[in-house]
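Observations on the model geometry
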Amino acid sequence: MAVDSATVKKAAHLARIALPEERLEPMAQELNGILAWIEQLNEVDVEGVEPMTSNVEQPLRLRDDVVTDGAKVEAVLSNAPKAADGFFVVPKVVE
Amino acid sequence: MSDLTSLTLKAALDGLKSKAFSSAELTQAFLANIEAANPRLNAYVEVTADRALEMARASDARIASGEAGALEGAPLGIKDLFCTDGVQTTAGSNMLRGFVPPYESTVTANLWRDGAVMLGKLNMDEFAMGSSNETSAFGPVVNPWKSKASNADLTPGGSSGGSASAVAADLCLAATASDTGGSIRQPAAFTGTVGVKPTYGRASRYGMVAFASSLDQAGPIAKTVEDAALLLRSMCSFDEKDSTSLEVETPDWTAAVGKSVKGLRVGVPAEYVMDGMPAEILNLWEQGQAWLKDAGAEIVPISLPHTKYALPAYYIVAPAEASSNLARYDGMRFGHRAEGAKSLGDLYEKTRAEGFGKEVQRRLTIGAYVLSAGFYDAFYVRALKVRRRIAQDFDEAWKACDVVLTPSTPSAAFAIGDKQIDPITMYLNDVFTVTANLAGLPGVSVPAGLDAGGLPLGLQVIGRALDEATMFSAAAALEQAAGFTARPEKWW
């Protein structure tokens with residue numbers, strides 16, 4: 001299952017990373033190396049095995065559905081690249 | 001006063017309690033060490049000297065009035081992925097340069113509750129993705145140890161390279177760290193320090209910059225097993241703010257340190273003998289078995305048949321989780337934002353291309369690939385099934401043994417730049433540690449010997465879930481038998 005530059009470009013787009021053209025081919029080679037190594041997982045008999053997504057075998061806790069936090073506009077915006085009047089300011093995206 | 005900094009955490013706490021010295025004096029001594037060493041070792045990315053002295057004076061006041069907490073007045077280093085209120089937290093990334101959290105992580109909040117003093121924030125691989133601290137946007141950390149064979153700068157391992165280097169060079173009494181595939185235990189092994197990853201769910205992940213949430217776990221790096229047990233106790237707690245936090249008591253693990261290992265069944269997995277494993281590692285491992293046997297333990301050969309699949313499974317699961325977790329860095333609410341983008345999509349892509357380093361970009365791309373339509377079942381779901389096989393291997397092993405003994409790493413510390421040629425060579429560093437992450441088990445690395453070049457080597461003890469106590473007893477027995485007293489020669 002060889003990965004080529006076009007596949008890398010697609011995956012990088014899915015990850016929302018602008019990869020420059022000259023990085024596509026080297027990245028394809030790196031990915032191929034890693035994927036070839038990962039392919040050994042196909043040797044494992046996983047018939048009837050449930051996928052393991054967590055080490056914690058407890059049901060998710062529920063808390064009371066009440067407001068426990070809030071009124072921290074300043075704190076929430078304190079690291080915004082741009083903020084004004086209690087709002088995040090983002091570039092215009094709708095013409 | 002500089003000898004104060006070579007004290008263990010336990011000895012320093014005793015000295016503070018008996019007023020042999022003050023926390024302010026101790027803190028000053030560490031700040032002086034950091035000032036002298038950091039230009040060469042690059043262990044700290046930020047030193048919070050004023051805050052440290054303020055905290056130290058407050059500790060001295062509490063000691064004077066008899067209100068001392070469990071870590072009262074102890075100066076610690078904090079890995080830069082624990083959010084610290086009002087102090088920059090970067091996770092080693094340009095993406096978070098200048099990010100100042102308006103809140104405190106639960107782990108660090110627990111430390112301040114117990115009276116600890118923060119010296120500063122410690123360097124690390126970017127978003128904890130690395131095994132050599134070379135992926136940090138703040139440059140690599142240098143290991144205080146040097147090989148007799150060469151004067152080259154060595155890596156302290158990673159991703160908690162700053163934590164390990166700082167503890168080994170007496171730049172703090174002990175440090176917080178985090179472990180997703182071996183990021184506490186591998187650097188501990190490379191620096192002659194003790195590193196513990198507790199059972200998944202013991203330490204809260206709230207306020208820890210996320211890498212792979214089903215694997216990430218906080219833990220300490222310290223000078224002795226007892227110190228690690230002390231610090232771990234303060235770090236752990238049940239926390240409603242972390243949905244995977246375990247609602248269990250945090251025991252006093254120092255009680256387990258020094259406890260007899262007579263009758264303890266120590267499993268030695270056949271599959272951990274790897275092709276091309278250096279004889280020194282093999283010999284140390286056998287020596288470790290002999291030490292525990294001499295102390296009254298029983299050595300039991302066990303089988304963990306899916307061991308060789310652990311790293312490949314990890315390199316699907318971890319990047320997949322990372323690609324989802326790190327989607328939050330979109331340049332909108334916090335972190336870096338690129339200038340001059342032509343569209344929204346362009347802004348995201350440019351922001352992330354500028355903010356993330358090469359290794360992070362590589363892993364996020366792999367993550368997106370293995371989760372993408374058509375590959376999800378073949379890669380991601382299969383890896384999760386293999387993960388269960390690995391966990392089942394341990395379930396089976398616990399029928400025959402109480403702890404598992406393995407080497408911590410396949411080699412001693414290597415030179416900076418040595419393993420950057422090929423990602424897989426770098427990934428193999430975690431071959432002995434990653435199984436504990438996948439299965440959620442506690443693991444500790446204990447310094448146990450030196451290689452031919454005079455560099456430290458570690459042995460790892462893996463315990464049953466939530467049975468850190470037995471793990472600590474075995475680790476302390478190894479520590480005592482090894483009598484590891486070597487220290488790096490001060491060249492910095």
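Each chain has its residues counted from 1, following the order in which its sequence is written. Chain labels run from A onward and ligand labels from 1 onward, assigned in the order the entries are written. Predicted model: local features are reported for residues with pLDDT of at least 70 only, side-chain atom pairs are reported and counted for 80 or more only, and whole-chain, interface and lining totals are derived from all residues.

Filter applied, for reference: UniProt positions are given in the numbering used here, feature names are shortened, and annotations may be inferred rather than shown by experiment.
Identification of chain B as Glutamyl-tRNA(Gln) amidotransferase subunit A from Peiella sedimenti is taken from an unreviewed UniProt entry. Heading Catalytic activity (unreviewed entry) of the UniProt record for chain B holds this comment: "L-glutamyl-tRNA(Gln) + L-glutamine + ATP + H2O = L-glutaminyl-tRNA(Gln) + L-glutamate + ADP + phosphate + H(+)". Per UniProt, the comment on chain B under Function (unreviewed entry) is "Allows the formation of correctly charged Gln-tRNA(Gln) through the transamidation of misacylated Glu-tRNA(Gln) in organisms which lack glutaminyl-tRNA synthetase. The reaction takes place in the presence of glutamine and ATP through an activated gamma-phospho-Glu-tRNA(Gln)."

The name given to chain A in an unreviewed UniProt entry is Aspartyl/glutamyl-tRNA(Asn/Gln) amidotransferase subunit C, with Peiella sedimenti as the source organism. In the Subunit (unreviewed entry) part of its UniProt record, chain A is described as follows: "Heterotrimer of A, B and C subunits."

1. Looking at the overall build of chain B
What counts here: Put simply, DSSP marks the helices as runs of H or I at least four residues long and the strands as runs of E at least two long, and each gets a number from the N terminus on. In this setup the radius of gyration rests on C-alpha atoms only. A globule is expected at 2.2 Å times the number of residues raised to 0.38. Exposure criterion: with C-beta atoms placed from backbone coordinates, a residue whose C-beta has 20 or more other C-beta atoms within 10 Å is buried, one with 12 or fewer is exposed, and one in between is partly exposed.
Across its full length, chain B carries 15 helices and 11 strands. Here chain B has a C-alpha radius of gyration of 21 Å; the compact-globule value for 492 residues is 23 Å, and the two agree. In terms of overall dimensions, chain B has a C-alpha envelope of 65 × 55 × 50 Å along the principal axes. The proportion of buried residues among the 492 residues of chain B is 63%.

2. What about the overall build of chain A?
Along the backbone of chain A there are three helices and two strands. For chain A, the N- to C-terminal ordering of α and β elements is α-α-α-β-β. Here the C-alpha atoms of chain A give a radius of gyration of 23 Å, more than 25% beyond the 12 Å that 2.2 N^0.38 yields for 95 residues. Reported as C-alpha extents along the three principal axes, the dimensions of chain A are approximately 55 × 45 × 25 Å. The buried share of chain A, taken over its 95 residues, is 21%.

3. Focus on the sheet that holds strand S7 (residues 265–269) of chain B
Residue and element names in this part refer to chain B. This is how the line gets drawn: Each pair of strands is called paired provided DSSP finds at least two bridges between the two strands. Angles run from 0 to 180 degrees between N-to-C directions of axes, and those axes are lines fitted to C-alpha atoms, restricted for helices to the stretch in contact. Note on contacts: residues are paired as contacts if their backbone-placed C-beta atoms lie within 7 Å.
Taken together, the 11 strands give an open sheet; going across it, the order is S1-S3-S2-S4-S6-S5-S10-S11-S9-S7-S8, and neighbouring strands pair in mixed fashion. The strands lining the two open edges of the sheet, one partner per strand, are strand S1 (44–47) and strand S8 (298–302). On average, each strand axis in the sheet is tilted by 30 degrees relative to the strand beside it, whichever way the strands run. Relative to the sheet, helix H5 (residues 161–168) contacts S1, strand S2 (75–79), strand S3 (117–122), strand S4 (174–179) and strand S6 (217–222), its axis offset from that of S4 by approximately 155 degrees.

4. Some remarks on the interface of chain A and chain B
This is how the line gets drawn: Residue polarity is assigned by list, with Asp, Glu, Lys and Arg as charged and Ala, Val, Leu, Ile, Met, Phe, Trp, Tyr, Cys and Pro as nonpolar; anything else, Gly included, falls into the polar class.
Contact residues are listed per partner, giving 39 residues for chain A and 54 residues for chain B. Broken down by secondary-structure element, the contributors of at least two residues to the side of chain A that touches chain B are helix H1 (5–14) and helix H2 (21–38) of chain A. Looking at the side of chain A that touches chain B element by element, the count peaks at seven residues for H2 of chain A. In terms of residue class, the side of chain A that touches chain B is built from 27 nonpolar, seven polar and five charged.

5. Things to note about the UniProt feature "active site" (unreviewed entry) in chain B
Residues and elements named next belong to chain B. Under the UniProt annotation, "active site" (unreviewed entry) lies at Lys79, Ser159 and Ser183. A stretch of 105 residues holds the annotated residues, and the largest C-alpha distance among them is 11.3 Å, short enough that they meet in one place. Relative to the helices and strands, Lys79 resides in strand S2. Residue class for Lys79 comes out buried when judged on the 31 C-beta atoms lying within 10 Å of it. With residues near it in sequence (within four places) discarded, Lys79 still touches Leu122, Met124, Ser160, Gly162, Ser163, Ala175, Thr176, Ala177 and Ser178. Those residues within four positions of Ser159 in sequence are excluded, and the remaining contacts are Met124, Asp125, Ala128, Met129, Gly130, Asn133 and Ser183.

6. Digging into the packing of H1 of chain A against helix H11 (residues 358–371) of chain B
Let me state the cut-off plainly: Working rule for angles: under 35 degrees goes down as roughly parallel, over 145 as roughly antiparallel, 65 to 115 as roughly perpendicular, anything else as oblique.
Direction vectors running N to C along H1 of chain A and H11 of chain B enclose 95 degrees, while the axes themselves pass 8 Å from each other. In terms of their interaxial angle, H1 of chain A and H11 of chain B are classed as roughly perpendicular. Along the contact surface, H1 of chain A presents Val8, Ala11, Ala12 and Leu14 of chain A, while H11 of chain B presents Thr365, Ala368 and Tyr369 of chain B. Tallied by class, residues from the contact of H1 of chain A with H11 of chain B come to six nonpolar, one polar and no charged.

7. Digging into helix H2 (residues 23–41) of chain B
Residue and element names in this part refer to chain B. How we decide: Bend at a given residue is defined as the angle between two axes, one fitted to the seven residues that end at that position and one fitted to the seven that begin there.
The largest bend in H2 comes to about 35 degrees, at Glu35, with the proline Pro39 one to four residues further on. Among all positions in H2, only Ser23, Leu26, Thr27, Ala29, Phe30, Leu31, Asn33, Ile34, Ala37, Asn38 and Leu41 are buried. Buried residues along H2 sit against helix H1 (9–17), S1, helix H3 (49–64), S2, S3 and H5. Just beyond H2, the residue with positive phi is Asn42, at close to 60 degrees.

8. Looking at helix H8 (residues 279–294) of chain B
Residue and element names in this part refer to chain B. Going by this rule: In this analysis, the expected span of each helix is defined as 1.5 Å times one less than the number of residues it contains. Picture the helix axis, draw a direction to every C-beta atom, and the arc is the one those directions span.
Counted at 1.5 Å a residue, the expected span for H8 with its 16 residues is 22 Å, and the 22 Å between its end C-alpha atoms agrees. The set of residues buried in H8 consists of Ile281, Leu284, Trp285, Gly288, Trp291 and Leu292. The arc enclosing the buried residues of H8, seen along the axis, measures out at 120 degrees, which places them on a common side. Seen from the buried face of H8, the exposed residues on the opposite side, beyond 90 degrees, are Ala279, Glu286, Ala290 and Asp294.

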